[in-house]
Amino acid sequence: MKSARILPQGSLFVLWLLLLWMIPPSLRAQAAQAAAPAAGQAQNVTRATLANGAHVVIIRSTLAPVATVEANFIVGGDETPEGFPGMAHAQEHMAFRGCAGMTADQTAAIYALLGGENNADTQQNITQYFATVPAADVDVALEAQATCLKGVDDSQTEWDQERGAIEQEVQRDLSNPTYKFIDRLNSAMFSGTPYAHDPLGTKASFDATTGAMLKDFYNRWYSPSNMVLIVVGDVDPTATLAKIKDLFGNAPDHPLPPRPQVQLQPFQAQTFSIDSNLPYVLGFVAYRFPGTDSPDYAAAQILADVLASQRADLYGMVPAGKALDTAFGVAESYRKASVGYGVVALPASADAAGPIEEMRQILTKYATDGVPQDLVDAAKRSEIAQAEFQRNSIPGLAEVWSAALAAEGRNSPEEDVDAIRKVTLADVNRVARQYLLNVSTITATLKPVNGGGPVAEKGFGGSETVTSSPTKPVQLPEWAAGPLNQLQAPANTIPVSDTTLANGIRLIVRTDMTSPTVTLLGSVKNNADLQTPPGEDGVGGVLDGLYSYGTQTLDRLAFQKALDDIAANESAGFNFSLTVLKDYFSRGVQLLADNELHPALPENAFLVTRQQTAQFVAGNLQSPGYRTTRALDLGLVPAGDPTLRETTPDTVTKLTLDAVKQYHDATVRPDLTTIVVIGDVTADEAKSVIEKWFGDWKAAGPKPETTLPAIPVNPASASTVPDPEAVQDQVTLAEQLNLNRFDPDYYPLQLGNHVLGGGFYATRLYHDLRQVNGYVYNVDVSLSASKSRASYSVQYGCDPQNVSKARALIVRDLDQMQTEDVSDAELHQAKALLLRQIPLSTASEESVARGLLARADMGLPLDEPVNAAKKYLQLTADDVKKAFARQIRTDNLVQVVRGPAPQ
């Protein structure tokens, strides 16, 4: 039920996110599969094929006390019946609506009690069910997966309820212009093959689908021999394999139907335009590239990396002022074909024809003349290095193995290793000629359409009579009840070194030798609303855009080459980062420090970046995404609040280079900086390197204020932001609370939030809005608190006629939280969710580092999760009720709807 097709909107440099959006989840790790396994990794892999044909791979990782269980079924959009493109997707949904010996309510309760980190997705040739759980609970997760291999209910009653939710998922994606582009591209490029239709499905086909049809699909394709089960984490491989044999080994196997054959045919070149709600123009040129079965696939990956390099001519359009951003990537990676595409981002008012043609000529020139050997070598180094980092995430490693074995049909990710290592310059140039020259292409432009500003609403529309939400406890199966009924605060599993350097930098180091890599995350406390001089709004954005132009000693190309030479990824700014192999840690930090402290800020680059920023701001101010955020801010904070400062093209255009330099010098200070280092490095080693390259950095002048003042609670309001491209309404209900992160009410409110949401059907809002009524696909409730402020919000997407109905249910549930005690079962489940999420937050080095950095910036103890767990354990239902009664005011909600006017 996870979808990869969500494109963030409103950021200038977002094309790397577009790359992620276009690549199916199991193939996002493709680039990270290109490294040789580190010493000792092979013996940590246990393989087995059960008597019934089930394929099992267990990879032991002691990174964290966590395990990921990922069941991959080799069935997806390719195998769906004619006219029912979403059948595999619908079946994936129905696995959560009841399996053999486990009801829908039990399924939801079990995964909530395990920590809520579970999901599923359907791709073109695989369907995946995955859960990340505390390692001690891996047997429970395996048992839950095994029940669905033995049978899924697929009852008509349950499908009638789930249909509304899956159709809302369709409506959400149909409101996304980039999804519509990919859907049309596939239809044109792969006509006559299963690849022509997206596995998401359509509303019309779901309306015609029955429970019996789903049951037949399950019976045909879900069998042990069609499953690859991946388990990664801190588990005993021998004991885990024995458990798997016990749970999965007796599931009967059966022959599979013949799979559809993919016969690719030549396609006609097409050029088209799609209306968009993005704040910029996107221009695409798409080519048919080799699929994962092809011996040319590895070379195509390297070719894409070369073309996307910041040292290549395509990106050169950006510093030349011809584009806001560019990218090249490989997406829609199927077994028999993939899509190679170039994309250029332009100002909202731009004509894309010229830049698209220039992009095409650049690609043609590389294919005709050949690509540089240096860029091929850099791409291979990067692929190999990045693979080491994949080992630093337990769910990420499960994804890599699932992609290789299930999606691609490999025996191991190491096969991708060998393929990448064998790629030569001649291979890359041959592939470039074959797939980029004299071939049909799909050319598309996504052009923003102005939908108009927010429209104030007089009220919230009609509601409906609603009944009380159920609080009937769920009786768990015996195999789940014992382990999941236990509640205890986790031990602090993150020993760190925490020091402050002489110049005020706070340095936090966590040694982890999972891989020979080091990750550095840093932040400089900054609040542009408080620190930007009057009349210079947008100066921070211009500064941020200038970091990519190198340093005072290395220009843009030389700086990028220095990073390429050590296969490092670096970013500078108020939030800065570095990922680098252990052997190059000092050199990587040297480059980072040089960029952070001594950016080049050249005059010509400033003029280009200022113009690009002003152009982006002009489009962004007219976009539905920005207008929605602005409407919410205007409703939540009082007039004159610093957060209501607005960057405009005029404020950006008036900026000078001196103003940018002064802003950098005044705001980028060591006494506002925290650096977190995690990886194969000791605390002493890290301190020595950081002091060497950041130690001479000194603060000048008084420390600026970065904390916003407290504000009063807000009055009620309602507005609608038109979005001509949306077929679904995105609704936010929010209010300002009279507390901050350090208020004692924070903890009972968070506990209550996990009664309302976070546990799928096991929690009230999902149960009421999705499971019972089918109004929504997602509903998210959150409490966001800072040092001085806090806001509470509920967000959901639904059809216009259901906006008020869904709101009525939400208000009903929030009101009940203030007046009635939650049940013992709900309280236990909410505590289990919160307590088990603590070890799950350590499942990757990056998540550990981000958690440490966030707590340091907030001024919380680094072991705050363990302290919070003890508080959650002591809270009662009465504590939750009183906190909600003190803080939540449903009659003062700010409602902002993006999309069609609610009916």
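Residues numbered from 1 in each chain as written. Predicted model: local features only at pLDDT ≥ 70, side-chain atom pairs only at ≥ 80, totals over all residues. Heavy atoms only, no water.

Student: Explain the overall build of the protein residue by residue, including any values.
Tutor: Scanning the protein for helices and strands turns up 32 helices and 25 strands. Taken over the C-alpha trace, the protein has a radius of gyration of 27 Å; the compact-globule value for 903 residues is 29 Å, and the two agree within 12%. Taken along its principal axes, the extent of the C-alpha atoms in the protein is 70 × 65 × 55 Å. Expressed as a percentage of its 903 residues, the buried residues of the protein come to 60%. Restricting to contacts in the protein with at least 6 residues of sequence separation, those with at least 24 account for 84%. (Helix = DSSP H or I, 4+ residues; strand = E, 2+ residues; numbered from the N terminus. Rg over C-alpha atoms; globule rule 2.2 N^0.38 Å. Buried < 20%, exposed > 50% of the residue type's maximum accessible area, 1.4 Å probe, protein only. Contact = heavy atoms within 4.5 Å.)

Student: Outline the side chain of Asp 729, listing residues and values.
Tutor: Locating Asp 729 in the fold gives a position in strand β22 (residues 729-737). This buried residue, Asp 729, is left without a salt bridge; Arg 898 holds the nearest opposite charge, at 8.8 Å. (Lys, Arg positive; Asp, Glu negative; His and termini not counted. Salt bridge = Lys/Arg side-chain N within 4 Å of Asp/Glu carboxyl O.)

Student: Break down the packing of aromatic side chains for me, with residues and values.
Tutor: Counted according to the given criterion, the structure contains 21 aromatic pairs. With 4.1 Å between their ring centres and 25 degrees between their planes, Phe 181 and Phe 284 make a pair best called stacked. Linking Phe 181 in helix α6 (residues 177-189) with Phe 284 in strand β10 (residues 281-290), this pair joins segments that are 103 residues apart in sequence. You can call Phe 284 buried: its relative accessible area is 0%. (Phe/Tyr/Trp six-rings, centres within 6.5 Å; stacked < 30°, edge-to-face > 60°.)

Student: Talk me through helix α15 (residues 425-436); I want residue IDs and the actual numbers.
Tutor: For α15, spanning 12 residues, the distance from its first C-alpha to its last is 16 Å, which sits close to the expected 16 Å at 1.5 Å a residue. Those residues of α15 not exposed but buried are Val 428, Asn 429, Val 431, Ala 432, Tyr 435 and Leu 436. Angular distribution of buried residues about the axis of α15 spans 160 degrees; they occupy a single face of the element. Following α15 by one or two positions, Asn 438 has its phi on the positive side, about 55 degrees. (Expected span 1.5 Å × (residues − 1). Arc of directions from axis to C-beta.)

Student: Break down the environment of Ala 808 for me, with residues and values.
Tutor: With respect to the helices, strands and loops of the structure, Ala 808 is situated in helix α28 (residues 803-819). The buried category is assigned to Ala 808, whose relative accessible area is 15%. Along the primary structure Ala 808 and Thr 202 are separated by 606 residues, whereas in three dimensions their C-alpha atoms are 28 Å apart.

Student: Break down unusual backbone geometry for me, with residues and values.
Tutor: A positive phi angle is found at Glu 332, which is not glycine, with a value near 45 degrees. Residue Glu 332 is classed as buried on the basis of its relative accessible area, which comes to 1%. Even without being glycine, Ala 567 reaches a positive phi, approximately 55 degrees. Inspection of the secondary structure puts Ala 567 in the loop between α19 (556-565) and β18 (569-571). The class of Ala 567 is buried, set by a relative accessible area of 8%.

Student: Can you tell me about the pairing of strand β21 (residues 717-721), naming the residues and giving the values?
Tutor: Burial runs high along β21: four of the five residues are buried. Pairing between β21 and strand β25 (residues 894-898): five bridges, direction parallel. Bridge pairing in β25 links Thr 720 to Val 897. (Pairing = 2+ DSSP bridges.)

Student: Explain the packing of helix α2 (residues 87-94) against helix α8 (residues 211-221) residue by residue, including any values.
Tutor: As a packed pair, α2 and α8 sit with axes 10 Å apart at the nearest point and diverge in direction by 95 degrees. Judged on the interaxial angle alone, α8 and α2 are roughly perpendicular. Across the interface between the two elements, Met 87, Ala 88, Ala 90, Gln 91 and Met 94 from α2 touch Met 213, Leu 214, Lys 215, Phe 217 and Tyr 218 from α8. (Axes fitted to C-alpha atoms, helices over the stretch in contact; angles between N-to-C directions. Parallel < 35°, antiparallel > 145°, perpendicular 65-115°, else oblique.)

Student: Quick rundown of the sheet that holds strand β13 (residues 442-448)? Include the residues and the values.
Tutor: Pairing is mixed across the open sheet formed by five strands, whose spatial order is β9-β13-β10-β12-β11. Strands at the two margins of the open sheet, each flanked by one partner only, are β9 (270-276) and β11 (325-331). The mean angle between the axes of side-by-side strands here comes to 20 degrees, regardless of whether they run parallel or antiparallel. Strands in contact with helix α10 (residues 297-308) are β10, β11 and β12 (337-346); relative to β11, the strand with the most contacts, it is inclined by about 175 degrees.

Student: Please give an account of the confidence of the model for the protein that cites residues and values.
Tutor: Across the protein, the average pLDDT comes to 92, with 93% of residues at 70 or higher. In this model, residues 1-40 is a region of pLDDT below 50 whose contacts with residues beyond four sequence positions or in other chains number 140 contacts. Predicted confidence for residues 459-471 stays below pLDDT 50, and this span has 30 contacts to residues more than four positions away or in other chains. (pLDDT = per-residue confidence, 0-100.)

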